[in-house]
Amino acid sequence: MQLIDLEAQQARIRAQLEKRIHKVLDHGTYIMGPEITELEGCLSDFAGVDHAVACASGTDALLMALMALGVGPGHAVFTTPFTFIATAEVIALIGATPVFVDVDPETFNMDALQLSKAIEALAAADNTIYPLPEAGKRGSLAPKGIIAVDLFGLPVDYTAIRDIARKNGLFLIGDSAQSLGAEYKGKKAIAFSHIACTSFFPAKPLGGYGDGGMCFTGDEELARSIRSIRVHGKGAHKYDNTRIGINGRMDTLQAAILLAKFEVFPEEIELRQAAADRYTRLLSDIRTIKTPTVPEGCKSAWAQYSILAGNNQQRNALQRALKAMDIPTAVYYPLPLHLQRAFAYLCYPKTAFPVSESLSERIFSLPMHPYLTRDQQMSIAAGLLENDGGTAG
Ligand SMILES: *Cc1c(COP(=O)(O)O)cnc(C)c1O
């Protein structure tokens, strides 16, 4: 069994993939070929967002979003420590400072109440109100924006987070790397931030055969900036450079592959939902684990189906038991970002973000993809049930 079975999908769409790839080989426009515009059009329609800008990775999408919003040294950007490193890395990369906000224990997404406290603490440069990074304690950071992550494909509480952003004059970037296809109150989750960023890394819900990403925005000016930043800050033409940018283009071949995959993507989102529902039913009687919470009005893209054990030993024992049955599992994420060596300079102590710390000790993800069968899920559930309570306490 595999955590994510990309072969089952390929067997289904192989002919379409080959047709798309051959078309690129025939026209030979490997950089910014017609497939890039076609993919941007498909996904902007799908998302219900006016502008979609394809780029080289989800990390570049986040980086370009921050650049377009004018973030730099002396700025604070609020985000969570329970995410992939890229979310906070890009903030540091452009010279700004990540200010961490703990997550909600039910959804694993940014906790709106904690966000308000962190904003208040930063304004007062008082870390008795909320844990702050070193520069924040000195009062040398200006709050600029928020990067909220739709973790495992579940949309953030956009109503609450957007409200806080608006009241405090902050931008909101959605890190939707894991949530393409997710919905919030009947609309696509990527439609709720100033700029939403997604990733086409192979393991994401819409994964290519290599790296890729995309920015979505309803703001024409921001879209224009991102398009310029994507190609070295170009102005009217290639050798007119109006700002500092990057080489952030997506390859034409990658866009061709994604176009073939996009044809089955809406159906795959439904298949993921069905697999998630089956898991939740099959696992409902297992005392030692907690299945994912999906708040009213949210539809997850189910990038991962992540469950919680009661404690660290129990989690590790369950993973071992499944491994012995040839069932792979994974831990996202074993160490919250404030405890990573890369962010030691922020000087956050252990226990600063107790929810993230506790989750990282207890969480693990089960195999999840559109082609997971009922039989596979039944054997996974049986493996968990067999070990239920064995190491509890
Ligand atoms: C995958 C991921 C990214 C980065 O995307 P890449 O395409 O790998 O650069 C950023 N944030 C989150 C939450 C992710 O899961």
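Residues numbered from 1 in each chain as written. Predicted model: local features only at pLDDT ≥ 70, side-chain atom pairs only at ≥ 80, totals over all residues. Heavy atoms only, no water.

Peer 1: I'm lost on the nonpolar core in this one. Help?
Peer 2: For soluble globular proteins, the rule of thumb is that nonpolar side chains tend to be buried together. Core analysis: the biggest nonpolar cluster contains 61 residues, and Leu 43, Phe 78, Leu 115, Ile 146, Leu 180 and Phe 216 have the highest contact counts within it. A per-element tally of this core places helix α5 (residues 112–124) first, with six residues. Ignoring anything within four residues of it in the chain, the contact list for Phe 216 reads Leu 43, Ser 44, Ala 47, Val 49, His 51, Ala 52, Leu 180, Ile 190, His 194, Ile 195, Ala 196 and Thr 198. Counting residues in hydrophobic clusters, the runner-up holds 26 residues, among them Ala 61, Met 64, Cys 197 and Ile 229. (Core = buried A, V, L, I, M, F, W, Y, C linked by side-chain atoms within 4.5 Å. Buried < 20%, exposed > 50% of the residue type's maximum accessible area, 1.4 Å probe, protein only. Helix = DSSP H or I, 4+ residues; strand = E, 2+ residues; numbered from the N terminus. Contact = heavy atoms within 4.5 Å.)

Peer 1: Is there a simple way to explain the site of the ligand in this structure?
Peer 2: Residues in close proximity to the ligand total 15 residues, the closest being Thr 59, Asp 175, Gln 178, Ser 199 and Lys 204. A distance of 2.8 Å is found between an oxygen atom of the ligand and a backbone nitrogen or oxygen belonging to Gly 58. Contact distances for the ligand include 2.7 Å between an oxygen atom and a side-chain N or O atom of Gln 178. Protein burial of the ligand: of its 380 Å² of free accessible surface, 93% is covered by the chains. Using a 2 Å cut-off from the grid points, one finds that the ligand occupies the largest pocket. If you list the elements that add at least two residues to the shell around the ligand, you get α3 (58–68) and α4 (85–93). Counting residues per element, the shell around the ligand draws most heavily on α3, which supplies three residues. Considering only residue class, the shell around the ligand consists of five nonpolar, eight polar and two charged. (Near = heavy atom within 4 Å. Polar contact = N/O pair within 3.5 Å; in protein donor to acceptor, adjacent residues only side chain to side chain. Areas by Shrake-Rupley, 256 points an atom, 1.4 Å probe, with all protein chains shown as cover. 1 Å grid on protein atoms, 1.4 Å probe; cavity = no way out; pocket = protein on both sides within 12 Å on 5 of 7 lines; lining within 4 Å. Sits in = over half its atoms within 2 Å of the grid points. Nonpolar A, V, L, I, M, F, W, Y, C, P; charged D, E, K, R; others polar.)

Peer 1: Can you walk me through empty space enclosed by the protein in this structure?
Peer 2: Any empty space left between atoms is shown by rolling a water-sized probe over those atoms. Using the criterion set out here, one finds three cavities of 30 Å³ or more in the structure. Looking at the largest cavity, its volume works out to about 100 Å³. Empty space within the second largest cavity amounts to approximately 80 Å³. Taken together, 14 residues form the lining of the second largest cavity, with Leu 6, Gln 9, Pro 205, Arg 272 and Pro 370 sitting closest to its centre. Broken down by secondary-structure element, the contributors of at least two residues to the lining of the second largest cavity are α1 (6–27) and α10 (265–282). Residue composition of the lining of the second largest cavity, by class: six nonpolar, three polar and five charged. (Points joined across faces, edges and corners; volume = space filled by probe spheres on them.)

Peer 1: Can you walk me through the packing of α3 against α4 in this structure?
Peer 2: Working note: a packed helix pair is described by the angle between its axes plus the distance between those axes. Axis separation between α3 and α4 bottoms out at 9 Å; the angle between their running directions is 40°. Classed by the angle they form, the pair α3 and α4 counts as oblique. α3 and α4 meet at a crossing whose hand is right-handed. From α3, Thr 59, Leu 62, Leu 63 and Leu 66 reach across to α4, where they touch Ala 86, Thr 87, Glu 89, Val 90, Ile 91 and Leu 93. Residues of the contact of α3 with α4, tallied by class, amount to seven nonpolar, two polar and one charged. (Axes fitted to C-alpha atoms, helices over the stretch in contact; angles between N-to-C directions. Parallel < 35°, antiparallel > 145°, perpendicular 65-115°, else oblique. Left-handed = near helix turned anticlockwise from the far one by under 90°.)

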